[in-house]
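Commentary on secondary and tertiary structure
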Amino acid sequence: MAEQRPIISIEDVSKVYGFGDATTVALDEVSLDINKGEFIAVMGPSGSGKTTLMNIIGMLDRPSHGIYKLNGRDVSRQKRNKQAKTRRDNIGYIFQSFNLLPRLTALENVALPLAYKRVPQTRRLKAAARALDQVGLSDKEYNLPTQLSGGQLQRVAIARALVNGPSIIIADEPTGNLDSTSARVVMELLSEIHKLGNTVLMVTHNPSLTRYADRILYMLDGSIVYDEASAVGEMPTRVQRAVQALRTSDDDEKLASVSAMMETMPEPKSSDDEDKGKKKKRRKSARKKRGKKAKK
Ligand SMILES: Nc1ncnc2c1ncn2[C@@H]1O[C@H](COP(=O)(O)OP(=O)(O)OP(=O)(O)O)[C@@H](O)[C@H]1O
Ligand SMILES: [Mg+2]
């Protein structure tokens, strides 16, 4: 069971890219509490802000507005050096494209995060060897990335994410570039990491992978429109039905149809658009008010 103290707490976090007329609101005042030990799957169409949210939680990016508390401490205003340290100590990040350095062996890639921590080399390599063993790749220590399969590359990347002993693992479409067999191996690994007591956040476009998670978030246009934990959302019934179907079914055809349904959500409705316009206006005026308050 997850403990009831949020390890991650974000409050009214926005991310705005660009300037003037060419701005994109990638995240629109998102608030979210995540408890220690949860396994969260984040879904939503392309461009809905999933990666932006993961990058902020993973401290690879800073919010434009809002507060981010990690373990109860406000990290959004920490200096960059301090933030880098907080990130190294707490967070392991896994990318869709693996992001391994091509000239380093698997072992050296895994040991790399420890070099930034100034751990002596022998200890670094020992820790890296242990992490590679944990993902079942002890026999590939000296292989270069070009000498590994996609699934193996992602396992090396997982070992690299684990080598610092972080308590939070963030995986942005970790199986997006993998065939189904390798994807299953990666998911089983993430599941094991979760069972060891770690908090896992995973972005996925594949609804069938949400069965590994104990909480599903659905994003749209920079907002979390559905959160399984609070059962609050603008269209919970449809999503909930989809989620239930996914949890209980092994039927590939059914999964595919649910998947298609989730991709097309929500149904376009003119009244919805109107509401959304009003909501945006309300948010804008609330922001203005806050801005004025801050200036005072
Ligand atoms: N560095 C950037 N500069 C400008 N706009 C950006 C930047 N990064 C993201 N965006 C925009 O922010 C929005 C959210 O992008 P994000 O990458 O978070 O989407 P996503 O949900 O991860 O999509 P996908 O499923 O395709 O990975 C998009 O409209 C995107 O174009
Ligand atoms: Mg993305």
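The structure we're discussing is the one just above.
Residues numbered from 1 in each chain as written. Chains lettered and ligands numbered in written order. Predicted model: local features only at pLDDT ≥ 70, side-chain atom pairs only at ≥ 80, totals over all residues. Heavy atoms only, no water.

**Considering helix 6 (residues 180–195)**
For clarity, the threshold we go by: A run of H or I in DSSP becomes a helix once it reaches four residues, and a run of E becomes a strand once it reaches two; helices and strands are each numbered from the N terminus. By this rule, a helix spans an expected 1.5 Å times one less than how many residues it contains. We call a residue buried when its accessible area falls under 20% of the maximum for its residue type, exposed when it is over 50%, and partly exposed in between, using a 1.4 Å probe and counting protein chains only. The contact criterion used is simple: two residues touch if any of their non-hydrogen atoms lie within 4.5 Å.
Look at helix 6: 22 Å from first C-alpha to last across 16 residues, which is about the 22 Å you get at 1.5 Å a residue. Of the residues making up helix 6, those classed as buried are Ser182, Ala183, Val186, Met187, Leu189, Leu190, Ser191, Ile193 and His194. Buried-residue contacts for helix 6 involve strand 3 (39–43), strand 6 (91–94), helix 4 (121–134), helix 5 (150–162), strand 7 (168–172) and strand 8 (199–203). Positive phi shows up at Gly197, right after helix 6, with a value of about 110°.

**Structural notes on empty space enclosed by the protein**
Inclusion rule: Grid points spaced at 1 Å and placed over the protein atoms alone form the basis of the search, with a cavity being a set where a 1.4 Å probe fits but cannot get out and a pocket an open set showing protein on both sides within 12 Å along at least five of seven lines. Lining residues have an atom within 4 Å of a point. Grid points are joined across faces, edges and corners, and a volume is the space filled by probe spheres set on the points. All amino acids are sorted into three groups, where Ala, Val, Leu, Ile, Met, Phe, Trp, Tyr, Cys and Pro are nonpolar, Asp, Glu, Lys and Arg are charged, and the leftover types, Gly among them, are polar.
Under the defined criterion, the tally for this structure stands at three cavities of 30 Å³ or more. In this structure, the second largest cavity occupies an estimated 40 Å³ of space. Every residue lining the second largest cavity is listed: Ile56, Met59, Asp61, Arg62, Pro63, Tyr68, Val75, Ser76 and Gln83. In terms of residue class, the lining of the second largest cavity is built from five nonpolar, two polar and two charged.

**Quick word on the site of ligand 1**
Formally: Nearness is judged by heavy atoms alone; a residue qualifies as near a molecule or strand once a single heavy atom is within 4 Å of it. Polar contact is defined as a pair of N or O atoms within 3.5 Å, subject to the rule that within protein one atom must be able to donate a hydrogen and the other to accept it, and that residues adjacent in sequence are counted only when both atoms are side-chain atoms. All accessibility values rest on the Shrake-Rupley procedure with a 1.4 Å probe; residue burial counts only the protein chains present in the view.
The local shell around ligand 1 holds 13 residues, among which Ser46, Gly47, Lys50, Thr51 and Thr52 are the closest. In the model, an oxygen atom of ligand 1 is placed 2.5 Å from a nitrogen or oxygen of the Ser46 side chain. A distance of 2.7 Å separates an oxygen atom of ligand 1 from a polar side-chain atom of Lys50. Out of a free accessible area of 640 Å², ligand 1 has 59% covered by protein chains. Residue contributions to the shell around ligand 1 peak at three residues, all from helix 1 (residues 50–57). Considered class by class, the residues forming the shell around ligand 1 number three nonpolar, eight polar and two charged.

**So, the pairing of strand 6**
Threshold: Paired strands are those between which DSSP finds at least two bridges.
Neither face of strand 6 is exposed, since Ile91 and Tyr93 on one face and Gly92 and Ile94 on the opposite face are all buried. Bridging between strand 6 and strand 7 involves four bridges; their strand directions are parallel. Bridging from a neighbouring strand, Ile91 pairs with Ile168 of strand 7.

**Here's the deal with the layout of surface pockets**
Its boundaries defined by the atoms lining it, the second largest pocket holds a volume of some 480 Å³. In this structure, the second largest pocket is lined by 17 residues; those nearest its centre are Arg87, Tyr93, Pro113, Tyr116 and Arg160. Broken down by secondary-structure element, the contributors of at least two residues to the lining of the second largest pocket are helix 2 (80–90), strand 6, helix 3 (106–116) and helix 5. With four residues, the top contributor of residues to the lining of the second largest pocket is helix 3. Across the lining of the second largest pocket, the residue classes break down as nine nonpolar, five polar and three charged.

**What about helix 1?**
Counting buried positions along helix 1 gives seven out of eight residues, so the element sits mostly inside the fold. Looking only at helix 1, the buried set comprises Lys50, Thr52, Leu53, Met54, Asn55, Ile56 and Ile57. At the exit of helix 1 stands Met59, carrying a positive phi of roughly 60°.

**Observations regarding the sheet that holds strand 2 (residues 24–35)**
Defined as follows: Note on method: axes are straight lines fitted to C-alpha atoms, helices fitted across the in-contact stretch only, with angles between N-to-C directions ranging 0 to 180 degrees.
One open sheet holds the four strands; their spatial order is 2-1-4-5, and the pairing between them is antiparallel. Each edge of the sheet is formed by a strand with only one pairing partner; in this case those strands are strand 2 and strand 5 (73–74). Across eight bridges, strand 1 (residues 6–17) lies against strand 2 in antiparallel orientation. When the sheet's bridge partners are listed, Pro6 is paired in strand 2 with Asn35. Across the sheet, helix 1 is in contact with strand 1, strand 2 and strand 4 (65–70); its angle to strand 2 comes to roughly 55°.

It is worth stressing that arrangement in space is one thing and function is another; only the former is reported here.
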